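One letter stands for each residue in the lines below.
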Amino acid sequence: MSGSKKMILRVQSSEGTNRIEVLDTEVTAKLYERVFESFHLNTFGFALHKDRAHKDEIISSKSRKIKEYGLQHGDMVYMSPVNGAVLFDQPSTSTETTNKPFGIEAGPSTSSLSAPPSVLRKQNVPQEDEVDLQLYQLSGNIQRQRDDKLCRHNSKGCCVHCSPLEPWDENYLKEHNIKHISFHSYLRKMTSGKFISLDELSCKIKPGCKEHPPWPRGICSTCQPGAVTLNRQPYRHVDNVLLEHATPVDRFLAYWRATGHQRIGFLYGQYEMHPDVPLGIRSRVAAIYEPPQECSRDHIALAPDDKEQILNEIASRLGLKRVGWMFTDLMPLNLAAGTVKTIRGMDTHFLSAQECIMAGHYQNQHPNACRHASSGYFGSKFVTVCVTGDSQNQIHLEGYQVSGQCAALVRDEILVPTRDAPDLGYIRDCTPQQYVPDVFYKALTTRRHCVPPQTPPPYAYHHSLKHTGIIAY
């Protein structure tokens, strides 16, 4: 590049110092990316400073250049974590030599040799899905053709009427009836001009506080979890569920057709890029596995599955993984016509509280590996598919995912179902064994089932799962 000077900056961290080669005309965001790759960090939750006291920060930007901060060839830059982010994995101290790196034979003089620290750190970093790695390499911009009426330039020019759109453009999403932006679009929007560190919601008291006796004898603002306000999640981790063949679904429904009992099955398949959603992900289902279970017309109880580990190993060899679960909620209307009753919809509920809790439980069991998360995981791609009757009294499949807030409430054992209203969930009260933070919600409608029952159970808060945005659908 004309007028650019190549320089080497020394970046000092708690794990040592690395040399980073950059151009003085490059933006500071490029410097952050090279530091992330050079140190093999777990997260982008770090900051760079010009001084050892961490006062003069080099802000990550896609517009400001490195030379604007007065950096010269050979200068030292200091790295520090942000909000307590864990940047490095602790290397193992084991001296086992069963798997000897770099072909070094075990012996009296080489038994303590091991791989370089960067290699040891990388071994414990969660492996992201292949679809995520593919999406990180895409620009995500929505290309537009030249408008013959509005554009006044030739075919090689570009203007505001034909320039590429960002993947989170609201007008484009409305025109194509896309209700939620994809997770990778959300990441691009949040990291535009800066680096972020994603953290899961926690409703538990932070351990290790020595300022007071443990709960229930004491609590302070340092260890107390913050209040939770339920909001609609703007993004979703999976944008579509595609069943490769109708045969597995027909076999799954054969049990209900023969007995009238409900059924649960696990979905096995792959994740792939969604062609119709900017930076979207689609779950492609290839098989349905029905685990051991006790079924009735309105109840399902899962039994321990001794074949689960073998099944997952076989699926892995076939290039498949468990991507979701499916359950039926069907009531026959006319056996001769093959119609079913419509029991879910806008006037009732889409998912019951118990089903939301089950979905959150499975999503917590299958976390999504993410390089921007301080813990290495954020959210989940695990989907929920409900087989029920539609408005035309036909068997219909609908896919869901609960929000990260719902999954956190389930993980911390705060959200519980109700007995008399399946569409209402309740928040536990504080007990000497468990502290429960305040959970607020905003009623978006005045429907009948948003009103609490006259004699509510002994729980502190209630909310409609559908109308508080606790479901991302």
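Every value quoted in this text rests on a predicted model; they were computed, and no experiment measured them. (Residues numbered from 1 in each chain as written. Predicted model: local features only at pLDDT ≥ 70, side-chain atom pairs only at ≥ 80, totals over all residues. Heavy atoms only, no water.)

Engineer: Looking at this structure, how should I read the overall build of the protein chain?
Structural biologist: Within the protein chain, the regular secondary structure consists of nine helices and 25 strands. In the protein chain, the proportion of contacts linking residues at least 24 apart, taken out of those at least 6 apart, comes to 65%. For the protein chain, the computed accessible surface area is about 26600 Å², with 49% contributed by carbon and sulfur atoms. (Helix = DSSP H or I, 4+ residues; strand = E, 2+ residues; numbered from the N terminus. Contact = heavy atoms within 4.5 Å. Areas by Shrake-Rupley, 256 points an atom, 1.4 Å probe, with all protein chains shown as cover.)

Engineer: Would you mind showing me how to read the pattern of salt bridges here?
Structural biologist: Two side chains bearing opposite charge may form a pair once their charged atoms approach each other closely. This structure, assessed with the given rule, holds 17 salt bridges. Glu26 serves as the salt-bridge partner of Arg34, at 2.5 Å between the closest nitrogen and oxygen. For Glu26, a relative accessible area of 16% translates into the label buried. One continuous salt-bridge network, built from bridges that share partners, spans Asp129, Asp132, Lys321 and Lys381. (Salt bridge = Lys/Arg side-chain N within 4 Å of Asp/Glu carboxyl O. Buried < 20%, exposed > 50% of the residue type's maximum accessible area, 1.4 Å probe, protein only.)

Engineer: For this particular structure, what's the right way to read the confidence of the model for the protein chain?
Structural biologist: Close reading of the predicted structure is inappropriate where its pLDDT is low. Residues at a pLDDT of 70 or more form 85% of the protein chain, whose mean pLDDT is 81. Segment residues 444-473: pLDDT under 50, and 99 contacts once partners within four positions in sequence are set aside and those in other chains are kept. (pLDDT = per-residue confidence, 0-100.)

Engineer: What is the right way to read the packing of aromatic side chains from this model?
Structural biologist: Tallying each qualifying case throughout the model produces ten aromatic pairs. Residues Trp325 and Tyr362 carry aromatic rings whose centres are separated by 5.3 Å and whose planes lie at 55 degrees to one another, so their mutual orientation is tilted. Residue Trp325 is found in strand E14 (residues 321-328), and its partner Tyr362 is found in helix H8 (residues 353-365); the two are separated by 37 residues along the sequence. Exposure remark for Tyr362: the relative accessible area of 5% places this residue in the buried category. One aromatic cluster is present, formed by Phe266, Trp325, Phe327, Tyr362 and Phe382 through successive ring pairs. Taking NZ or CZ as reference, Arg322 lies 4.0 Å from the ring centre of Phe266, over its face. Note that Lys381 overlies the ring of Tyr271, its terminal NZ or CZ placed 5.7 Å from the centroid. (Phe/Tyr/Trp six-rings, centres within 6.5 Å; stacked < 30°, edge-to-face > 60°. Lys NZ or Arg CZ within 6 Å of the ring centre and 35° of its normal.)

Engineer: Looking at this structure, how should I read unusual backbone geometry?
Structural biologist: The bulk of non-glycine residues show a negative phi, and the bulk of peptide bonds are trans. The omega angle of the peptide bond from Trp215 to Pro216 is 15 degrees, so this bond is cis rather than trans. Here Pro216 shows up in the loop between helix H5 (183-190) and strand E7 (228-229). The phi dihedral of Leu279 is positive, around 55 degrees, even though this residue is not glycine. A relative accessible area of 7% places Leu279 in the buried class.

Engineer: Can you walk me through the sheet that holds strand E1 (residues 6-13) in this structure?
Structural biologist: What links the strands of a sheet is backbone hydrogen bonding, and the strands pair in either a parallel or an antiparallel sense. Read across the sheet, five strands follow the order E2-E1-E5-E3-E4 without closing on themselves; strand pairing throughout is mixed. The two strands at the open ends of the sheet, each matched to only one other strand, are strand E2 (16-23) and strand E4 (57-58). Both E1 and strand E5 (residues 76-81) contribute to a ladder of three bridges, which runs parallel. For Arg10, the partnering residue across the bridge sits in E5 and is Met76. (Pairing = 2+ DSSP bridges.)

Engineer: Please explain the environment of Thr25 as it appears in this structure.
Structural biologist: Mapped onto the elements, Thr25 comes out in the loop between E2 and helix H1 (28-39). C-alpha of Thr25 to C-alpha of Arg64: the two residues are 39 residues apart in sequence and 9.1 Å apart in space. Engagement of the side chain of Thr25 in a polar contact is seen with the side chain of Ser4, the distance being 2.6 Å. (Polar contact = N/O pair within 3.5 Å; in protein donor to acceptor, adjacent residues only side chain to side chain.)

Engineer: Just checking my understanding: could you explain the nonpolar core for this structure?
Structural biologist: Proteins that are soluble and globular tend to have nonpolar side chains buried together. Trp325, Leu409, Leu415 and Ile427 are the most contacted members of the largest nonpolar core, which totals 29 residues. When contributions to this core are tallied by element, the ones reaching two or more residues are strand E10 (264-274), E14, H8, strand E20 (395-402) and helix H9 (404-411). When residues of this core are assigned to their parent elements, the largest contribution, four residues, is made by H8. Formed by 24 residues, the second largest nonpolar core is a distinct cluster that contains Leu9, Phe39, Phe46 and Val77. (Core = buried A, V, L, I, M, F, W, Y, C linked by side-chain atoms within 4.5 Å.)

Engineer: Sorry if this is basic, but what is going on with H1 here?
Structural biologist: Three- or four-residue spacings in an α-helix give side chains the same orientation, since the helix completes a turn every 3.6 residues. With twelve residues, H1 should cover 16 Å at 1.5 Å per step; its first-to-last C-alpha distance of 17 Å lies within 8% of that length. Within H1, the full set of buried residues consists of Thr28, Ala29, Leu31, Tyr32, Val35, Phe36 and Phe39. Taken down its axis, H1 places every buried residue within 155 degrees of arc, on the same side. Taken from the residues just after H1, His40 is the one with a positive phi, measuring 55 degrees. (Expected span 1.5 Å × (residues − 1). Arc of directions from axis to C-beta.)

Engineer: I tried to follow the pairing of E1 on my own but got confused; where do I start?
Structural biologist: Within a regular beta strand, the side chains point alternately toward one face of the sheet and then the other, so they alternate between its two faces. Of the two faces of E1, only the one carrying Met7, Leu9, Val11 and Ser13 is buried; Lys6, Ile8, Arg10 and Gln12 on the other face are not. Of the pairings in the sheet, the one linking E1 to E2 comprises eight bridges and is antiparallel in character. Its bridge partner lying in E2, Ile8 is registered against Glu21. Following E1, the chain reverses through two residues before pairing antiparallel with E2.

Engineer: I tried to follow the packing of H8 against H9 on my own but got confused; where do I start?
Structural biologist: A pair of packed helices is characterised by two quantities: the angle between their axes and the separation of those axes. Direction vectors running N to C along H8 and H9 enclose 90 degrees, while the axes themselves pass 8 Å from each other. Relative to H9, H8 is oriented roughly perpendicular. Here H8 contributes Cys356, Ile357, Gly360, His361 and Asn364 to the contact with H9, which in turn contributes Cys406, Ala407, Val410 and Arg411. Residue composition of the contact of H8 with H9, grouped by class: five nonpolar, three polar and one charged. (Axes fitted to C-alpha atoms, helices over the stretch in contact; angles between N-to-C directions. Parallel < 35°, antiparallel > 145°, perpendicular 65-115°, else oblique. Nonpolar A, V, L, I, M, F, W, Y, C, P; charged D, E, K, R; others polar.)

Engineer: Hey, could you run me through H8 in this one?
Structural biologist: With 13 residues, H8 extends 18 Å from end C-alpha to end C-alpha; this agrees with the ideal 18 Å at 1.5 Å per step. By the burial criterion, the buried members of H8 are Ala353, Glu355, Cys356, Ile357, Ala359, Gly360, Tyr362 and Gln363.

Engineer: Would you mind showing me how to read the side chain of Arg322 here?
Structural biologist: Within the secondary structure layout, Arg322 lies in strand E14. At a separation of 2.8 Å, a polar atom in the side chain of Arg322 contacts the side chain of Tyr268. A distance of 3.5 Å separates a polar atom in the side chain of Arg322 from a polar atom in the side chain of Glu308. Sequence-distant contacts of Arg322, defined by excluding residues within four places in its chain, comprise Phe266, Leu267, Tyr268, Tyr271, Glu308, Leu311, Asn312, His366 and Phe382.

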